[in-house]
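Residues per chain, in single letters:
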Amino acid sequence: MSRFREPTAFQAPNADWQLLPFRFERIDERILLTNLVGEHLFLSGDEFQLLADGALPADSPLVRKLRAKHVIREGSDDLPVELLALKARTRYRRLAEFTSLHIFVASLRCEHSCPYCQVSRQSSDREAYDMSAETAALALDSVFRSPSSNIKIEFQGGEPLLNFELIEEVVERAEARNESEQRNLGFVIATNLALLDKRVIDFCRAHGVYISTSLDGPADLHNKNRPRPGRNSWELATEGIQRVREELGVDRVSALMTTTRSSLDRVREIVDCYVEQGLTSLFLRPLSPYGFAIKTKSFDAYDVDRWLPFYEEGLDYIIELNSQGTPMVEQYAAIALKKMLTNDDPGYVDLTSPAGIGIGAIVYNYDGDVYASDEGRMLAEMGDTTFRLGNLHRDSYEEIMLSDALLGPLEESFTGSAPMCTDCAFEPYCGADPTYHHATAGDYLGRKPNSGFCRRNMAIFKLLLDRYESDPSTRALFTTWATH
Amino acid sequence: MIERSVHFDASGHSLDAVQRAAYRLSDRLSCEISKRDDTIEATLFLAEDAEDPEALIAEFRNEVLDQALRERIRTETSDIRNLVLALAFSKTGLTDTDV
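Residues numbered from 1 in each chain as written. Chains lettered and ligands numbered in written order. Predicted model: local features only at pLDDT ≥ 70, side-chain atom pairs only at ≥ 80, totals over all residues. Heavy atoms only, no water.

A. Representation of the sheet that holds strand E3 (residues 30–35) of chain A within the structure. Residues and elements named next belong to chain A. Reading across the sheet, the 3 strands line up as E2-E3-E4 and stay open at both edges, with antiparallel pairing between neighbours. Strand pairing shows two members of the sheet lacking a second neighbour, strand E2 (22–27) and strand E4 (40–43), which therefore form its edges. Put simply, the sheet's adjacent strands are angled 25 degrees from each other on average, direction ignored. (Pairing = 2+ DSSP bridges. Helix = DSSP H or I, 4+ residues; strand = E, 2+ residues; numbered from the N terminus. Axes fitted to C-alpha atoms, helices over the stretch in contact; angles between N-to-C directions.)

The following block contains the structure:
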């Protein structure tokens, strides 16, 4: 008797195959297929026709390819069902975690007067625009009502360092409370760094606080975008970045940029600026269609079709830098690639469905108002309070989290039941973003064929897939970004 | 406004597939859909300055075919889709049957 069974014994007992749920999109001459959990493959037109007609020969190499990607299964094969279930469960695991990012607006005051900023106030009136200790204590109660095992508290503004005493108090009280709660607790201060001093540095060192700052590119561009008395925003920001790197560690500071019309022709200089500062990641962000950005016409200064070439040039330049040995990650691509190439979901609020508003991130405003997202509070500053869920001084946690202002947009924007999204091959990578669509289309869903959000993200997904498929070294780089 | 009628055999195309195709292209055309006996009629309205009206109408026809295929995939795989999702969300504490 043979020690091993004949190879035929390992073949599927039945050569017949069945379709598994998948979606497709025609891209140029090829067809992109994504399975139930977003794993993808490309087919030629002829191959797709064979699949569509049910005429795929059982011994075709394509059958193995399609089985590997859970697009088809052999008749009696249960494994694909179990694997898809496991992967789907991994993908949606954040839902059970609930709110993990809690944003405290420590002060609305700011010494900058950036034309694209939606919320800041030029004021010395602390009573009017700073969060009080009483409000912060209520916000902290709300933070620990979230069942999430990972809690991140982010201080925003205005300029939150203008109310640094409150930051100190919240961090210390949260840490004390966490001795019994035992959550994975972290802190971030989103600051322009102009007010960074020894007290802030020492406190951040003692409590493991991370710094997130804004760097829009070279000095002239940054200072034009971000005016302040002395016209030295860039100098203060870059000095601050270096100081944090030296005194707290290179990984303790990250930077974000915002694209204005003046940035559109300068993406390489912007990337170079980040490299010169020793930063290893940047986030090529378009301007948000909210608040002052619309009022000051900054947003109208360019549209998606102007922004996409900027993004493409920036991404290609970053790929080129990496190939030459200079490490740099484009953060939006990294978020999308994690969704495209792994079964994990980074939980980025704009790219989740159900939307991340409230259940992924929540905002406690300086005055106790609670917003479903940072963009929601920006809209409120312009008089649109659609995304105000309640007020910490008046409403209970249950009233806030079960409010129609939260449940309505969550339900109505869900891409699993949204027209066009349900059929879209990119849906597993994309998000609902009811705030964007409310601001631009007047309802939580928007009409996707006219949606700038849809157009931008579809173009980015196609771009990433194109670069991933066309060059082995870029494929390796993207895999690193996705699994980082 | 350019107006063109396109007809589909109702035995091979559903109203839903034609509606979904019209929605997908609704940034470039508008559409009235009616069904009479065995025929679905889609009346397409294109802007007078539409770049290539014939190509857009051909794109609409192809999109209806793709939507018909998507419908078939949805129907054929709906049981297994439900099975996978039921399995994925079992014992998570998120569904009534867990408690």
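B. Representation of the interface of chain B and chain A. The interface is formed by 25 residues belonging to chain B together with 30 residues belonging to chain A. Between A:Glu25 and B:Arg24 there is a salt bridge; the shortest N-O distance is 2.5 Å. On inspection of chain B and its partner chain A, the count reaches 8 residue pairs in polar contact (both at pLDDT 80 or more). Listed by contribution, the elements that provide at least two residues to the side of chain B that touches chain A are helix H1 (15–24) and helix H2 (53–88) of chain B. (Contact = heavy atoms within 4.5 Å. Salt bridge = Lys/Arg side-chain N within 4 Å of Asp/Glu carboxyl O. Polar contact = N/O pair within 3.5 Å; in protein donor to acceptor, adjacent residues only side chain to side chain.)

C. Molecular detail of the domain arrangement of chain A. Residues and elements named next belong to chain A. In terms of domains, chain A is made up of domain 1 (7–92) and domain 2 (98–404). At the junction of the two partners, domain 1 supplies 8 residues and domain 2 supplies 8 residues. Summed over both partners, the interface of domain 1 with domain 2 buries about 560 Å², with 39% contributed by carbon and sulfur atoms. Counting across the interface, domain 1 meets domain 2 through 0 salt bridges. At the junction of domain 1 and domain 2, the tally comes to 2 residue pairs in polar contact (both at pLDDT 80 or more). Residue classes in the side of domain 1 that touches domain 2 are distributed as 2 nonpolar, 3 polar and 3 charged. (Domains from an automatic or database assignment. Buried area = accessible area lost by both parts, 1.4 Å probe. Nonpolar A, V, L, I, M, F, W, Y, C, P; charged D, E, K, R; others polar.)

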